[in-house]
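# A closer look at the structure
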Amino acid sequence: MVPTLKIPKDALKSNNFLNAYIEDNRKKEQYTDCIYLLFKPLDFDKFREFLDSEYERSDNVIDDYDYEKGYVVVVYKLNEDYKEDFSLIREGKYSKTSSEFQSLFSPVLKIIKNGLHRDEMSLQYRIFKKTTDLIEFWETTLEIVFEESQEVWDGFNEKKEILNLTKIIENE
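Structure report, in brief. (Residues numbered from 1 in each chain as written. Predicted model: local features only at pLDDT ≥ 70, side-chain atom pairs only at ≥ 80, totals over all residues. Heavy atoms only, no water.)

### Overview of the overall build of the protein
Selection criterion: Helix and strand definitions here come from DSSP, where helices need a minimum of 4 consecutive H or I residues and strands a minimum of 2 consecutive E residues; each element is numbered from the N-terminal end. Contacts: residue pairs with any heavy atoms within 4.5 Å of one another. We count Lys and Arg on the positive side and Asp and Glu on the negative side, and we leave His and both chain ends out. In this description, the location of a charge corresponds to atom NZ of lysine, CZ of arginine, CG of aspartate or CD of glutamate.
Of regular secondary structure, the protein possesses seven helices and eight strands. With the principal axes as the frame, the protein shows a C-alpha extent of 50 × 45 × 35 Å. Put simply, of all contacts in the protein between residues at least 6 apart along the chain, 58% involve residues at least 24 apart. In the protein, 25 positive and 36 negative side-chain charges are present, and the distance between their average locations comes to 3 Å.

### Focus on the pattern of salt bridges
Put simply, the rule is: In what follows, salt bridge is the name for a side-chain nitrogen of Lys or Arg lying within 4 Å of a carboxyl oxygen of Asp or Glu. For every residue, the accessible area obtained with a 1.4 Å probe (protein chains only) is divided by the maximum for its type, and the residue is called buried under 20%, exposed over 50%, and partly exposed between those limits.
The full count for this structure, using the stated rule, is ten salt bridges. Note that Glu158 and Arg90 form a salt bridge whose closest N and O atoms lie 3.4 Å from each other. With Glu158 in the loop between helix 6 (132-142) and strand 8 (162-163) and Arg90 in helix 3 (residues 83-90), this residue pair connects regions lying 68 residues apart in the sequence. Using a relative accessible area of 39% as the deciding quantity, one classes Glu158 as partly exposed. With relative accessibility at 43%, the residue Arg90 sits in the partly exposed group.

### Here we look at the nonpolar core
The test is simple: Joining through side-chain atoms within 4.5 Å is the link that ties buried Ala, Val, Leu, Ile, Met, Phe, Trp, Tyr and Cys residues into a set, and such a set is a nonpolar core.
Formed by 28 residues in total, the largest nonpolar core has its most connected members in Ile7, Ile35, Leu37, Val74 and Tyr76. Mapped onto this core, the elements with two or more residues apiece are helix 1 (9-14), strand 3 (34-39), helix 2 (44-57), strand 5 (72-77), helix 3 and helix 5 (123-129). In contact with Val74, not counting residues within four places along its chain, are Ile35, Tyr36, Leu37, Phe39, Phe47, Leu51, Val61, Asp63 and Asp64. Formed by twelve residues, the second largest nonpolar core is a distinct cluster that contains Tyr67, Tyr71, Leu165 and Ile169.

### Some details on the pairing of strand 4 (residues 61-66)
Formally: At least two bridges found by DSSP between two strands is the condition for calling them paired.
Summarising the sheet, strand 4 and strand 5 pair through five bridges and their orientation is antiparallel. Within strand 5, the position partnered with Asp63 by the bridge is Val75.

### Examining the sheet that holds strand 4
Whenever strands of a sheet pair, they do so through backbone hydrogen bonds, lying parallel or antiparallel. Put simply, the test is: The axes used here are C-alpha line fits, helices contributing only the stretch in contact, and every angle between their N-to-C directions lies in the interval 0 to 180 degrees.
Spatial ordering of the open sheet is given by 1-3-5-4, a layout of four strands whose pairing is antiparallel. Each edge of the open sheet is held by one strand with a lone partner, namely strand 1 (17-21) and strand 4. Adjacent strand axes in the sheet meet at a mean angle of 20°, parallel and antiparallel pairs treated alike. Looking at chain direction, strand 1 and strand 3 are connected through four bridges and run antiparallel. Its bridge partner lying in strand 3, Tyr21 is registered against Tyr36.

### Some thoughts on the pairing of strand 3
In terms of residue burial, strand 3 counts as a mostly covered element, since six of its six residues are buried. With burial as the criterion, each face of strand 3 is covered, one bearing Cys34, Tyr36 and Leu38 and the other bearing Ile35, Leu37 and Phe39. Note that strand 3 and strand 5 share six bridges and pair antiparallel. Within strand 5, the position partnered with Phe39 by the bridge is Val72.

### Structural notes on the packing of aromatic side chains
Spelled out, the test is: Between rings of Phe, Tyr and Trp, where Trp is taken as its six-membered ring, a pair exists when centres lie within 6.5 Å; planes separated by under 30 degrees are stacked, by over 60 edge-to-face, and by other angles tilted.
Scanning all chains against the criterion turns up 14 aromatic pairs. A ring pair is formed by Phe39 and Phe50, whose centres lie 5.6 Å apart and whose planes are at 55°; its orientation type is tilted. Residue Phe39 is found in strand 3, and its partner Phe50 is found in helix 2; the two are separated by eleven residues along the sequence. Accessibility assignment for this pair places Phe39 and Phe50 in one class, buried. Judged by centre distance (5.7 Å) and plane angle (50°), the ring pair of Phe47 and Phe50 falls under tilted. Remark: Phe50 and Phe47 occur in helix 2; sequence separation between them is three residues, near one turn of the helix. Across this residue pair, the class does not change: Phe47 and Phe50 are buried. Linked through ring pairs, Tyr82, Phe86, Phe101, Phe105 and Phe128 together constitute an aromatic cluster.

Any functional reading would require information beyond the geometric quantities listed.
Okay, here's the thing in structure tokens:
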């Protein structure tokens, strides 16, 4: 869902964006139709500049708060233009999302390994388009034959999409 927020990728990377969640298990009150972005900034002055610029750039930033060990959560209201697409994602119907929604996700990733550059098809693109290589991977792994109507990715698991900072800190 993060690409729908239109946050510059380099700003996410340079501020040590870790992941996004649908809820925060430490909060009694949850925001509806929102996404919780977890950061662990290395430079808090730079992060404060980023956060200030986000509040200016977007009306969708609705909250931010700090946690122990340098973690910061920024809460964004999800773009209502993609409400139907978000519902389809929650239903695990990734290939049924709109082409406009899918276009927000980069089809290609630039990989640098041992100083060499190469382009690789992104996982999101493979999931949205149900690419042959992903179908073959799952058919081989699961020893089944996929039907045309099947999606090629695991369904949306709400429990895995809830921020559990205690668990993250334990696994540091």
